[in-house]
Amino acid sequence: LFVLQPSQHREGRGGGAMAAVAEPLAVLQRVFDRLILADDVRFADMSPKVLPQVLPFLNTRDSAVRNKAIEVLSHISKRLRPARQVQLPCGVLVRLASDREASPFLRNFAAAFLDLGLPRVTDPAARRDMGLAALEAFQRRGGPLGAVEASILAAFLAAVEDLQEAALEAGQGAGPGAIAGVEWAGAAAGGGAEGDVGERPSGGRPLAPASAVMAPSAGTACPPRLVDALVDVLLLVPNPAPPPSGLSGPRVARVTSKPPVLQGASSWAGLADLQRMKLAVLRLATPFRRFFRPWSVAPVLLAGAGDSTAEVRELAEAALRDLRDLPDQAPPQLAGWLLRCFILNRPPEAGELKDEWGGQWLARTPLDWRLRLRTVEFILKDCSEGLVHWVEQDLDHVGT
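Reading the values: the criteria
Counting restarts for each chain, with residues numbered from 1 along the sequence as it is written. A pLDDT threshold of at least 70 governs which residues receive local features in this predicted model, and a stricter bar of 80 or more applies before side-chain atom pairs are shown or counted, although totals over entire chains, interfaces and linings include all residues. Working from all heavy atoms in the structure, the side-chain values ignore hydrogens and water. The numbering of helices and of strands both runs from the N terminus, where a helix is a DSSP run of H or I of at least 4 residues and a strand a run of E of at least 2. Buried means the residue's accessible area, taken with a 1.4 Å probe over protein chains only, is under 20% of the maximum for its type, while exposed means over 50%, and partly exposed covers the values in between. The contact criterion used throughout is that any non-hydrogen atoms of two residues lie within 4.5 Å. All accessible areas in this document rest on Shrake-Rupley with a 1.4 Å probe, and a residue is counted as covered only by the protein chains that are shown. Nonpolar core, defined: a set of buried Ala, Val, Leu, Ile, Met, Phe, Trp, Tyr and Cys residues in which side-chain atoms within 4.5 Å join the residues together. Lines fitted to C-alpha atoms define the axes, with helix axes restricted to the stretch in contact, and inter-axis angles between N-to-C directions lie between 0 and 180 degrees. Should an angle lie under 35 degrees it is considered roughly parallel, over 145 roughly antiparallel, and from 65 to 115 roughly perpendicular; all remaining angles are considered oblique. The working definition used for a salt bridge is a side-chain nitrogen of Lys or Arg within 4 Å of a carboxyl oxygen of Asp or Glu. Here a polar contact means two N or O atoms within 3.5 Å. Within protein one must be a hydrogen donor candidate and the other an acceptor candidate, and residues neighboring in sequence count only if both atoms are side-chain atoms. Multiplying one less than the number of residues by 1.5 Å gives the expected span of a helix. The predictor rates its confidence in each residue with pLDDT, a number between 0 and 100. Within 6.5 Å between ring centres, the rings of Phe, Tyr and Trp (the latter by its six-membered ring) count as paired, and their orientation is classed by plane angle as stacked under 30 degrees, edge-to-face over 60, tilted in between. Two conditions define a charge located above a ring, namely a distance within 6 Å from the ring centre to NZ of Lys or CZ of Arg, and an angle within 35 degrees of the ring normal. Three categories are distinguished: nonpolar for Ala, Val, Leu, Ile, Met, Phe, Trp, Tyr, Cys and Pro, charged for Asp, Glu, Lys and Arg, and polar for the others, with Gly belonging to the last.

A tally of regular secondary structure across the protein chain gives 17 helices and zero strands. Counting the 400 residues in the protein chain, one finds 52% classified as buried. Taking the contacts inside the protein chain whose residues are at least 6 apart along the sequence as the reference set, 73% of them involve residues at least 24 apart. Here the protein chain displays about 17,800 Å² of accessible surface, and carbon together with sulfur accounts for 54% of that area.

Have a look at this one:
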């Protein structure tokens, strides 16, 4: 794609400012001309390659360059919609949409093309890359994902079946970093991220990938904001109007505003598709797969234990039993998270969920009483030390 390579021509001092605008405009115009003249076959080959190179032009402060980039992107979008066979680089689009340093123009356009491309991704490797990119987006610190969060979540959910298969192929004890070709680091290499609350494998530390696929400081703990969203998936029911127990209108919208793009799925309204999604999430979260540090997804397993479908409920209960066989105890923060979010229905404290991942806390309706009783039982049996710690730190909540 030589048309997008910057020119080697250098202007004198007087023409520098004009050249800074004229060159990207000329580049974008050449791209636009080639796209317009391309037949459908040529366009199908060009557009996935051109798209991630045109999107960064939206970061500019120059309105002329930005408007020309929008014109090119609008043309691409118009021709892509009927051309359903064209595969888009969804992994790259996830990374662009989740770049917190990018302009809102870039992030929103990248998310729009991601929504367009998600149902088209059929290659398992491309879906895994997309899922890992979405996981990295939730792990990355520096502020909330904002308006693009639903698109990023949809990209992760679309890849859960491919990620669990990759975890099995990589072998027991393999997490996201292992899928990316990164091995466990020895104990001598040091600990994980500050504030880590998940358990650590014997003789090692959380994965610290050397590539950009995973954030090196995040290890394999499921990011708290993603845990919160996956809990909502497990609490969802077909045709969720009004919102079911434990959810709210904004929470339902965050999960269902994008279609479930598991291969062959049609909508969130069908029981079969929803059950398939729940089972896929639970299988990815089960302790023996070691994709996530098991304690970090305990709230997801608990939410599954309250499901009305026997297969979902049994899988979640089996995973919760497996947690007790782990050599590591539940982190103390887990009891506080469950008490606040599942029992007291209060926003989590800093350090439990909100902290640097940010984002406005979405209120929940009270959970079903049976799930709350199951949560209390879990806390008493498996998080007793955390319960003592929580009571000592928050005596004012005992009366509540």
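With that settled, consider the nonpolar core. Membership of the largest hydrophobic core comes to 106 residues, with the highest contact counts inside it found for Ile152, Phe156, Val281 and Phe378. With near-sequence residues (within four places) excluded, Phe156 lies in contact with Gly131, Ala134, Leu135, Leu163, Leu226, Leu230, Leu284 and Phe292.

We now examine the packing of helix 12 (residues 271-285) against helix 14 (residues 310-324). At a minimum axis separation of 10 Å, helix 12 and helix 14 run at an interaxial angle of 10°. Taken together, helix 12 and helix 14 sit at an angle that is classed as roughly parallel. Contact residues: helix 12 offers Gln275, Lys278, Leu279, Leu282 and Arg283, while helix 14 offers Glu311, Val312, Leu315 and Ala316.

Let's shift gears to the pattern of salt bridges. For the structure on display, the rule yields 24 salt bridges. A salt bridge links Arg370 to Asp368; its shortest N-O distance comes to 3.0 Å. According to the relative accessible area criterion, Asp368 is partly exposed, its value standing at 25%. Each of Glu149, Arg225, Asp228, Asp232, Arg251, Arg254 and Arg364 takes part in one network of salt bridges that share partners.

Further remarks concern the side chain of Lys278. On the secondary structure map, Lys278 appears in helix 12. Among the residues examined, Lys278 registers a relative accessible area of 5% and is labelled buried. Within the structure, Lys278 has its side chain in polar contact with the side chain of Asp307 (distance 2.6 Å). Those residues in contact with Lys278 that sit more than four places away from it in its chain are Val233, Leu234, Leu236, Asp307 and Val312.

Let's shift gears to the environment of Asp99. Along the polypeptide, Asp99 turns up in the loop between helix 4 (90-97) and helix 5 (104-117). Spatially, the C-alpha atom of Asp99 lies 9.3 Å from that of Arg140, the residues being 41 residues apart in sequence.

This paragraph deals with helix 5. Taking 1.5 Å of rise per residue, the 14 residues of helix 5 would be expected to cover 20 Å, and the 20 Å separating its terminal C-alpha atoms lies within 8% of that figure. Among the residues making up helix 5, those that are buried are Leu106, Arg107, Ala110, Ala111, Phe113, Leu114, Leu116 and Gly117. On its buried side, helix 5 packs onto helix 2 (40-54), helix 3 (63-80), helix 4 and helix 7 (149-158).

Now for the confidence of the model for the protein chain. The share of residues in the protein chain with pLDDT of 70 or more is 70%, and the mean pLDDT across the chain is 76. Contacts of residues 177-219 to residues separated by more than four positions or lying in other chains number 79 contacts, the stretch itself having pLDDT below 50. A low-confidence stretch, residues 351-358 stays under pLDDT 50, and its non-local contacts, those more than four residues away or across chains, total 28 contacts.

All right, on to the side chain of Arg127 then. As for its placement among the helices and strands, Arg127 is situated in helix 6 (residues 124-139). A polar contact of 2.9 Å, which involves the side chain of Arg127, links it to the side chain of Asp162.

Glancing now at the packing of aromatic side chains. Describing an aromatic ring pair means giving the distance of the ring centres and the angle of the ring planes. One pass over the structure, following the stated rule, counts three aromatic pairs. Here the aromatic rings of Trp295 and Phe378 are separated by 6.4 Å at their centres, their planes lie at 50°, and the arrangement is tilted. Of this pair, Trp295 sits in the loop between helix 12 and helix 13 (298-305) while Phe378 sits in helix 16 (residues 369-382), and the two are 83 residues apart along the sequence. Exposure remark for Phe378: the relative accessible area of 0% places this residue in the buried category. Here Trp337 and Phe342 contribute two aromatic rings whose centre-to-centre distance is 5.6 Å and whose plane-to-plane angle is 65°, an arrangement assigned as edge-to-face. On the basis of relative accessibility, which here comes to 5%, the residue Trp337 falls in the buried class. Judged by its relative accessible area of 1%, Phe342 is buried. We note Arg79 situated over the ring of Phe43; from NZ or CZ to the ring centre the distance is 4.2 Å.

The end-to-end C-alpha separation of helix 3 is 25 Å, in line with the 26 Å expected for 18 residues at 1.5 Å each. Those residues of helix 3 lying buried are Val65, Arg66, Lys68, Ala69, Val72, Leu73, His75, Ile76, Ser77, Arg79 and Leu80. By the N-cap criterion, in which a side-chain oxygen at the helix start approaches the backbone nitrogen of a residue two or three places on, helix 3 is capped by Asp62, the distance to Ala64 being 3.0 Å.

For the pair helix 10 (residues 224-235) and helix 11 (residues 249-256), the least separation of the axes is 10 Å and the interaxial angle reads 95°. The orientation of helix 10 relative to helix 11 falls into the category roughly perpendicular. Facing helix 10, whose interface residues are Arg225, Asp228, Ala229, Asp232 and Val233, helix 11 presents Arg251, Arg254 and Val255. Of the residues in the contact of helix 10 with helix 11, the class split is three nonpolar, no polar and five charged.

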